[in-house]
Amino acid sequence: MTNWYCPLPFKHIFVDSTGLSPCCNTVSEFGLDVDIEQYKSHPKVIKLQSQFLSGDVPEACGFCQKQERVQNKSMRLDALDDYNHEIFETTQFDFIHFSQSNLCNFKCRSCGPQDSHGIAQEYSKYPELIIPVNAKVVAVNQNNHQWIIDNLSSLKRLYLTGGEPTIMPEIRKIIEQVSSQPYPDSNIMITTN
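The following refers to the structure shown.

The rules we used
- Residues numbered from 1 in each chain as written.
- Predicted model: local features only at pLDDT ≥ 70, side-chain atom pairs only at ≥ 80, totals over all residues.
- Heavy atoms only, no water.
- Patch = residues over 30% accessible without salt bridge, like charges linked within 9 Å, V, L, I, M, F, W, Y side chains within 5 Å.
- Areas by Shrake-Rupley, 256 points an atom, 1.4 Å probe, with all protein chains shown as cover.
- Salt bridge = Lys/Arg side-chain N within 4 Å of Asp/Glu carboxyl O.
- Helix = DSSP H or I, 4+ residues; strand = E, 2+ residues; numbered from the N terminus.
- Buried < 20%, exposed > 50% of the residue type's maximum accessible area, 1.4 Å probe, protein only.
- 1 Å grid on protein atoms, 1.4 Å probe; cavity = no way out; pocket = protein on both sides within 12 Å on 5 of 7 lines; lining within 4 Å.
- Points joined across faces, edges and corners; volume = space filled by probe spheres on them.
- Core = buried A, V, L, I, M, F, W, Y, C linked by side-chain atoms within 4.5 Å.
- Contact = heavy atoms within 4.5 Å.
- Pairing = 2+ DSSP bridges.
- Axes fitted to C-alpha atoms, helices over the stretch in contact; angles between N-to-C directions.
- Disulfide = S-S within 2.5 Å.
- Parallel < 35°, antiparallel > 145°, perpendicular 65-115°, else oblique.
- Left-handed = near helix turned anticlockwise from the far one by under 90°.

**Re a nonpolar patch on the surface**
On the surface, a cluster of nonpolar side chains totalling about 210 Å² of accessible area is made up of Ile-175, Ile-188 and Ile-190. By the secondary structure assignment, Ile-188 is in strand E5 (residues 187–190). A relative accessible area of 34% means that Ile-188 is categorised as partly exposed.

Below, the structure is given as C-alpha cells:
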C-alpha cells in the first residue's frame, strides 16, 4: 500500500454535463457519459481504484500531484482528512458533487463556459479562442438526477453547484425532496450567486 492514496474514487462522484468522474480535477481524463450505476463498475473507475490500492500513482491525478508539490495542499489531501485517512477497498458513494447544468443568470469574470451558458454563448462568437464550447444550456442525464433523488438517504454530503442552482427546476426537486423527509446524517451544500 502506498501513502499516495485517495478515497474519492471509492466515495465520491463529480456529476456534470460532461459525464461522471471521481472528482472535478479528473473531468478531462474521465468524463464518462454513463449512468451512476454503470459508473460504479466501469473499467476506468476499477482501474483507478486498483492503481491506488496497488501503490501506483494514477496518471489522471496529475493536478493533485502538482498542487501538492507547489502548495502542499490538494483535493486529495482534503479528502484524506475528510475520511480520517481511512483506506477504502470497495465502492460506496456517499458524497456527490452535482452540477445540473451550465444555466446561469450571470456572466462572472471568474467563471467559464462550463458553468455559465451566457459565457458559453460569448465564447462561441470568438472561434479564435480555440476552446470547444457548446453555446447551449447543457444538462446532466436524467437518470443520474433521479439516482441522486432515490439515494439521498445514503448520501452524507451533496454539493449542488451549476450554473446557478437556484434557477434550475431539477435542483428545486432535490431540495423539495430533502425538505420533505429528514436526512439527519446528510449535509447539503449549495454554491449560489
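**Looking at empty space enclosed by the protein**
One pass over the full model with this rule turns up one cavity of 30 Å³ or more. Looking at the largest cavity, its volume works out to about 110 Å³. What lines the largest cavity is a set of 17 residues, among which Cys-6, Cys-23, Thr-26, Cys-61 and Cys-64 lie closest to the centre. Residue assignment for the lining of the largest cavity shows that the elements contributing at least two residues are helix H1 (8–11), helix H3 (43–54), helix H4 (62–71) and helix H5 (75–82). At three residues, H4 tops the list of elements feeding residues into the lining of the largest cavity.

**Some details on the nonpolar core**
Ile-96, Phe-98, Ile-148, Leu-158 and Ile-174 are the most contacted members of the largest nonpolar core, which has 40 residues in total. Contact partners of Phe-98, with chain neighbours within four places excluded, come to Val-15, Val-140, His-145, Ile-148, Leu-158, Tyr-159, Leu-160, Thr-161, Ile-171 and Ile-174.

**What about the sheet that holds strand E4 (residues 157–161)?**
Read from one edge to the other, the open sheet built from five strands follows the order E2-E1-E3-E4-E5, with strand pairing classed as mixed. Each of the sheet's edge strands pairs with one partner strand only, and the pair in question is strand E2 (19–21) and E5. Within the sheet, the average angular offset between the axes of one strand and its neighbour, ignoring direction, is 15°. Sheet topology places strand E1 (residues 12–16) next to E2; three bridges connect them, and they run antiparallel. Bridge assignment links Asp-16 to a residue of E2, and that residue is Gly-19. In the packing of helix H8 (residues 169–180) onto the sheet, contacts are made with strand E3 (95–99), E4 and E5, and the angle to E4 comes to roughly 150°.

**Here's the deal with the side chain of Ser-21**
Mapped onto the elements, Ser-21 comes out in strand E2. Residue Ser-21 is classed as buried on the basis of its relative accessible area of 1%. If we ignore the near neighbours within four places in the chain, the residues touching Ser-21 are His-12, Ile-13, Phe-14, Thr-26, Val-27, Phe-30, Gly-31 and Tyr-39.

**Concerning the state of the cysteines**
Evaluated as defined, the whole model comprises zero disulfides. Cys-6 forms no disulfide, and the closest cysteine sulfur to it belongs to Cys-61, at a distance of 6.3 Å. Its relative accessible area of 6% is what places Cys-6 among the buried residues. Free cysteine Cys-23: the closest other cysteine sulfur is in Cys-24, separated by 5.7 Å.

**Here's the deal with the packing of helix H7 (residues 142–150) against H8**
One can describe the packing of H7 onto H8 by two numbers: an axis separation of 10 Å at closest approach and a directional angle of 15°. Of the possible angle classes, the one that applies to H7 and H8 is roughly parallel. You can see that H7 and H8 cross each other, and the crossing is right-handed. Between H7 and H8, the residues in contact are His-145, Gln-146, Ile-148 and Ile-149 and Glu-170, Ile-171, Lys-173, Ile-174 and Gln-177, respectively.

Any functional reading would require information that these geometric values do not contain.
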